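Here is what each chain is made of, one letter per residue.
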Amino acid sequence: MTEAGRIALIIALAVAAFSIITSIVGVRTESARLVKAARNGILVIFGLYTLALAIILYAFFTRDYALTIVAEHASNDLPSLYTLSALYADKAGSMFFWGWLISLFAALLVLQAGSNERRTVSYAVGILAVIEAFYIALVTFKVNIFEVYPSSPADGFGLNPLLQNFGMLIHPPLLYIGFAGFALAFAMVIAAFITRDAGAVWNNLMRRWTVFAWCVLGIGNLVGMWWSYNELGWGGYWAWDPVENAGLMPWLLGTAFLHSIAVWGRRDFMNVWSFCLVVFTFVFTLLSPFITHGGIESPLHGFYGSPFPPFILGAMIIVIIASMVLLYLRRSDLTKAGKHTSLLSRENAFLLTDIILVVLVCVILIGTVLPRVVEALGGAKIAIDRSFFDRTCGPIMLLLVFIMGVCPLFGWGKSVWKHAGRNIIFYILALIVVSVAIILTRIGNWYIAVVVLCGLPLFVIFREWWRGTAARRKSTGKNCVSAFFAVINANRARYGGMLAHIGIVIITLGIIASSFYNVEKTATLEIGESMSAGKYTLSYNELVFKQDSVRISAVADMQVSVDGKPLAVMRPSYAYWFSHDDIFAEVAVRTTAAEDLFVSLVWTDFDPADKAATFRVLVNPLVVWIWTGGAFFLVGGALAITWREKQPAGVEE
Amino acid sequence: MKKRLLIGGGIILIAVIYLLYLSFGSSVSYYVTVSEFYDRIDELLDSNVRLAGNVADGSIEWDAGEVELAFNLTEGGRDMPVVYHGAQPSGFKAGSTILVEGKYGSDGIFQASQLILKCPSKYESIDIE
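Keep in mind that this is a model prediction, so the values were computed, not measured.

Asks: Explain the sheet that holds strand 9 (residues 588–591) of chain A to me, please; I cannot follow it from the model alone.
Replies: Strands pair in a sheet through their backbones, by hydrogen bonds, and they do so in one of two ways: parallel or antiparallel. Residues and elements named next belong to chain A. Taken together, the four strands give an open sheet; going across it, the order is 2-11-10-9, and neighbouring strands pair in antiparallel fashion. Edge positions in the sheet fall to strand 2 (519–525) and strand 9, since each has one partner strand and no second. The average angle at which neighbouring strand axes cross in this sheet is 15°, direction not considered. Relative to strand 11 (residues 613–621), strand 2 runs antiparallel, the two sharing seven bridges. Note on strand 11: the bridge partner recorded for Thr 524 is Thr 614.

This is how it looks when you write it as structure tokens:
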């Protein structure tokens, strides 16, 4: 049966070739039949790809160890819940799953577009077929995902315990969904540039897929951070590791692209910024597997022994060259943005935001690839510490938060003085006063200024909300609550954006607080001894040993109290896994809105006679705010996605 | 109009380049193996270094009271004594491939500020039963 899976993929590849040819020929010869055939081809590819996916998943769930991929990542003792993660724990499996998502979204796009905008959608279909063919070829020919062992093992190697966690079940799919969504946006923009003709349907679809991709990719990155924090035991959520950066950079570029398309109306879609941003967002979604599959060395995580990086690099180069050629060919059709706007207009503020985002991505890129580049050029082998990123990216991100606050003050085309209220100028003055006071008096530290800085976007957003609601109430006579929701309903994209901005501010505050105000203590305790961290006292009461077929674990009983009053019992554990001949700790975290109490059991001897154990305790303020910010992305994104083209961008209530 | 925007962008770029310049000094360390370090010891004596090697068998000493980990990092036939003031990271055991970030002390012991374990390979050979 697994042979059928491989055959399905090979046929899908042939159909992709068919779709590429018929879509292009169909548009050029104006043959509706060929165009329709190309679009049907996309649906057929999805069907075949799904069949292959079903076959592989069936093999995983029935633990068919004849298949190499199943034997390498699943095992008899793997809980059923994590069977799916075993698929994308594999280097080929992850590319396979991602390619399937692209085929799914391409099929959805074809169905959504219906018979509208045949020419543009046809080219998009052709481009998507090329992308899909690339993914299929990688997992069919370069590595055979259906590879079979000559003899079937009795048990598989199993999944690394660090991956047996809910976060790791959903983190890769969320990222791939985001990446696949941006592949769609890319294909659509390229297609629009080829035809120089894009209507309302194209505009709606392209914007909605972009918002969707941005939202899911953002949440996917946050889930990855959550996994790192809860599962890896070091108490942090971001290390500027190359693989982490690989997921962040496309999201930042996607953010820039999202803002650039918010600026222009449908008729101005052919502008150079949006084109370049979507191209590079897509290229960076390819850079991500390049890095993760070993293109850049990452000590923390990634795939080993993957043969994909050279092909992915080749694909990236081809995409860049082809896109630039297209841009050059269409140079006379480009709109000149910002012609009639004053210096301090919203269009320019958005442009400034995009410039800063691009600069930020460049900085991260430099830090990520520099060691490899230096080494390749024959220089010394170097390593870049995370402090590089903290010191350069931190200030740039804070600048973005500031602009986020100031941006809504600018009018479209108008200058800021006419539009901004006096209270906002006062707020900025207050910020400057606070900063100067902190520097001069040395009371407090600059983090307070940062908190004030974060307040600016919030203040501006709530003011806009207030004004909008008040205006609506006045014109329609509704009460406060109805007016509030009515204003949101009429400007969904705008308020969706505002919600996302609130999310960013909340995340920023969470990161600042947990990075600079955290407390860390490590101590070895005997039973009965206590340690303190922050306001908490932790008493080590007992150590319980448990054993099952998979591991032997030591679970510590820690009584947490504040000012003598008992608060909770926390049970961090330390386990030795037989199959992996390795030790994995499970941290215990107590989360409140104000801070996290994070307890990790980092060493014990598994000796019933000597239960001494070493504990690492962290008190991390406002960590839950980081995850909550993600919820704002979700709601804001969901709101913005329901936007329809009835109102042109930038119209205010 | 475009010119003013380019100037604005230019200022940002210069500020960022300045930030980069500031951070590079302390954030960049030489990435060498243990034997390479000894070969270049005069040059690397006072630098931030990231050492690559394996944890030598039988060399792990864990002082639970002081929370101090001592072990030998071995590579290319050379051994480097390392001291780290913290708990052993997950996956730390004899034979693990590890990166040690820190500075070489005048007493011949490498003071580690950070231990980075290389993730265990997911593609070890499977015993076919």
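Asks: Any chance you could explain the nonpolar core here in plain terms?
Replies: Among soluble globular proteins, nonpolar side chains are generally buried collectively. In this structure, Leu9(A), Ile131(A), Ile145(A), Phe186(A) and Ile364(A) are the most contacted members of the largest nonpolar core, which totals 173 residues. The leading source of residues in this core is helix 7 (residues 166–195) of chain A, at 19 residues. Residues in contact with Leu9(A), not counting those within four places in the same chain, are Tyr49(A), Ala52(A), Phe96(A), Ile136(A), Val139(A), Thr140(A), Ile145(A) and Phe146(A). Judged by nonpolar contacts, the second largest core, of 52 residues, contains Val619(A), Trp62(B), Val82(B) and Ala112(B).

Asks: I'm lost on the side chain of Ser573(A) in this one. Help?
Replies: All names here are of chain A. Counting through the fold element by element, Ser 573 comes out in strand 7 (residues 573–577). The exposure class assigned to Ser 573 is buried, which follows from its relative accessible area of 11%. Filtering out sequence-adjacent residues up to four positions away, Ser 573 remains in contact with Ala 554, Val 555, Phe 584, Ala 585, Glu 586 and Leu 601.

Asks: How should a nonpolar patch on the surface be read in this particular structure?
Replies: Residues and elements named next belong to chain A. On the surface, a cluster of nonpolar side chains totalling about 580 Å² of accessible area is made up of Leu 313, Ile 317, Ile 321, Val 325, Tyr 328 and Leu 329. Along the polypeptide, Val 325 turns up in helix 11 (residues 309–329). Residue classification places Val 325 among the partly exposed residues on the basis of a relative accessible area of 45%.

Basis of the calculations
- Residues numbered from 1 in each chain as written.
- Chains lettered and ligands numbered in written order.
- Predicted model: local features only at pLDDT ≥ 70, side-chain atom pairs only at ≥ 80, totals over all residues.
- Heavy atoms only, no water.
- Pairing = 2+ DSSP bridges.
- Helix = DSSP H or I, 4+ residues; strand = E, 2+ residues; numbered from the N terminus.
- Axes fitted to C-alpha atoms, helices over the stretch in contact; angles between N-to-C directions.
- Core = buried A, V, L, I, M, F, W, Y, C linked by side-chain atoms within 4.5 Å.
- Buried < 20%, exposed > 50% of the residue type's maximum accessible area, 1.4 Å probe, protein only.
- Contact = heavy atoms within 4.5 Å.
- Patch = residues over 30% accessible without salt bridge, like charges linked within 9 Å, V, L, I, M, F, W, Y side chains within 5 Å.
- Areas by Shrake-Rupley, 256 points an atom, 1.4 Å probe, with all protein chains shown as cover.
- Salt bridge = Lys/Arg side-chain N within 4 Å of Asp/Glu carboxyl O.

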